[in-house]
Amino acid sequence: MKRVLLLGGIGEALAIARRLSPQHLYSLAGLGKVPDDLICEVRVGGYGGAEGLAGFIRERGFDLLLDATHPYAAQISANAARAAQLAGVPCWALRRPGWQTGAGDDWREVADWPGLIEALKDFRRPLFTLGREPLEHLDEIPAHQRWTVRCLQNLPGNDRAEVLGARGPFTLDGERELFARLDTDVLVSKNSGSQATEPKLQVARERDVPVLILARPQLPAVDREFESVEALWMALEPFLDN
C-alpha cells in the first residue's frame, strides 16, 4: 500500500489531509493551528533541510512527497524537490494560481523588502498582510508613518505600530470596518491567491487604495503540478491504488 507525505501550510492542504487514511502523514512546520480531527498521522516540526527530509522519507517508506506549502515558502519547496530526488520518490506540488487585477485596481509589484520600503515612502497608514516579516523592522518606521501589521499571532507593537493577531477567512464587512478604522492608505500583501484573504483586495478597490504586491518567488520544478485540490485528488487516487 502506497504512502504519502503531505507537506502542509495552506487551507487546501488541510482539505487533502482530511481525505487521507491512517498510513499517510500530514506534516506542518508548526505555525498556526494544528488540526486535531484528522484520520491520518500529523507531524509538527522541521526535518533539517533536504537531506534530513530525504532520510525521513526513506526511513518511513513513503512513496510520494506532496508539496502543498504556501506559494511564498520557496525554501521549503526547494528542500522538498531536492529531498524527493535524494530519496528516489516523485514530488508533486499543489500551486494555486495568484490573484489577477481587475477593473479599478491599482496594484504595484515589488521584488523584495527594500523595494517595498521605497514604494511605501509617500504613504502614511500602511496595512501589512505579509505575515511576520514586518515585525523585524518596527524600529525602522519613518516618522510620518504608522503601521498596522496583521499576522497569525497577537504580538507587541510599539508607539508607531499596531500588531493584529487574526486568522482568515476574512469577511468583506470586516475588512471594510478595518480599513475605515485604520484610515488605511495603502495595502501591502503577498499574492497568495487565497479566497480566504481576498476580501481585502475588494475593499482596497472600493476605497481607491493602492496595493503593493510582493512578487511570488521562483519555485523548483517538480514531477507534477496541480492548481486545485480536485485536480490533484483525481491524479492521487489512481496513484494510491496502483
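The coordinates are above.
No experiment lies behind these values; they were computed from the predicted model shown.

(A) Fine view of the overall build of the chain. Across its full length, the chain carries 7 helices and 12 strands. Since a compact globule built from 242 residues should have a radius of gyration of about 18 Å, the 20 Å found for the chain is in line with a globular shape. If you line up the chain on its principal axes, its C-alpha atoms span 60 × 35 × 30 Å. Per-residue burial for the chain yields a buried fraction of 46% across its 242 residues. For the chain, long-range pairs separated by at least 24 residues make up 59% of all intrachain contacts whose partners lie at least 6 apart in sequence. Carbon and sulfur atoms form 48% of the exposed surface of the chain, whose accessible area is close to 12000 Å².

(B) Representation of the sheet that holds strand β5 (residues 91–94) in the model. One open sheet holds the 6 strands; their spatial order is β3-β2-β1-β4-β5-β12, and the pairing between them is parallel. Two strands lie at the open edges of the sheet, namely β3 (41–44) and β12 (224–226), each paired on one side alone. Taken pair by pair, the neighbouring strands of this sheet meet at an average axis angle of 20°, ignoring direction. Strand direction decides the pairing type here: strand β1 (residues 4–7) and strand β4 (residues 64–67), joined by 4 bridges, are parallel. Paired with Leu 7 across the two strands is Asp 67, which belongs to β4. Packed onto the sheet, helix α2 (residues 49–60) meets β1, β2 (25–28), β3 and β4 and runs at close to 150° relative to β1. In this fold helix α7 (residues 229–241) packs onto β1, β4, β5 and β12, with an angle of close to 155° to the strand it touches most, β5.

(C) Inspection of the packing of helix α5 (residues 172–182) against helix α6 (residues 199–206) at higher detail. One way to put it is that α5 packs onto α6 with a least axis distance of 9 Å and a crossing angle of 50°. In terms of orientation, α5 and α6 fall into the oblique class. For the pair α5 and α6, the crossing hand works out as right-handed. Residue-level contacts link Leu 172, Glu 175, Arg 176 and Phe 179 of α5 to Pro 199, Lys 200, Gln 202, Val 203, Ala 204 and Glu 206 of α6. In terms of residue class, the contact of α5 with α6 is made up of 5 nonpolar, 1 polar and 4 charged.

(D) The pattern of salt bridges, seen in detail. According to the stated counting rule, one finds 13 salt bridges in the structure shown. Of the charged contacts, one joins Arg 176 and Glu 206 as a salt bridge, the two residues approaching to 2.7 Å between their closest N and O atoms. Separated by 30 residues along the polypeptide, Arg 176 in helix α5 and Glu 206 in helix α6 bring together distant segments of the chain. Exposure remark for Glu 206: the relative accessible area of 40% places this residue in the partly exposed category. A single salt-bridge network, built from bridges that share partners, covers Asp 173, Arg 176 and Glu 206.

(E) Examining unusual backbone geometry more closely. The step from Gly 168 to Pro 169 runs through a cis peptide bond, and the omega angle for that step is 10°. As for its placement among the helices and strands, Pro 169 is situated in the loop between β9 (161–165) and α5. Although it is not a glycine, Asp 183 sits at a positive phi angle of roughly 55°. Here Asp 183 shows up in the loop between α5 and β10 (186–190). The backbone phi angle of Asp 208 is positive, close to 55°, even though this residue is not glycine.

Reading guide: rules and limits
- Residues numbered from 1 in each chain as written.
- Predicted model: local features only at pLDDT ≥ 70, side-chain atom pairs only at ≥ 80, totals over all residues.
- Heavy atoms only, no water.
- Helix = DSSP H or I, 4+ residues; strand = E, 2+ residues; numbered from the N terminus.
- Rg over C-alpha atoms; globule rule 2.2 N^0.38 Å.
- Buried < 20%, exposed > 50% of the residue type's maximum accessible area, 1.4 Å probe, protein only.
- Contact = heavy atoms within 4.5 Å.
- Areas by Shrake-Rupley, 256 points an atom, 1.4 Å probe, with all protein chains shown as cover.
- Pairing = 2+ DSSP bridges.
- Axes fitted to C-alpha atoms, helices over the stretch in contact; angles between N-to-C directions.
- Parallel < 35°, antiparallel > 145°, perpendicular 65-115°, else oblique.
- Left-handed = near helix turned anticlockwise from the far one by under 90°.
- Nonpolar A, V, L, I, M, F, W, Y, C, P; charged D, E, K, R; others polar.
- Salt bridge = Lys/Arg side-chain N within 4 Å of Asp/Glu carboxyl O.

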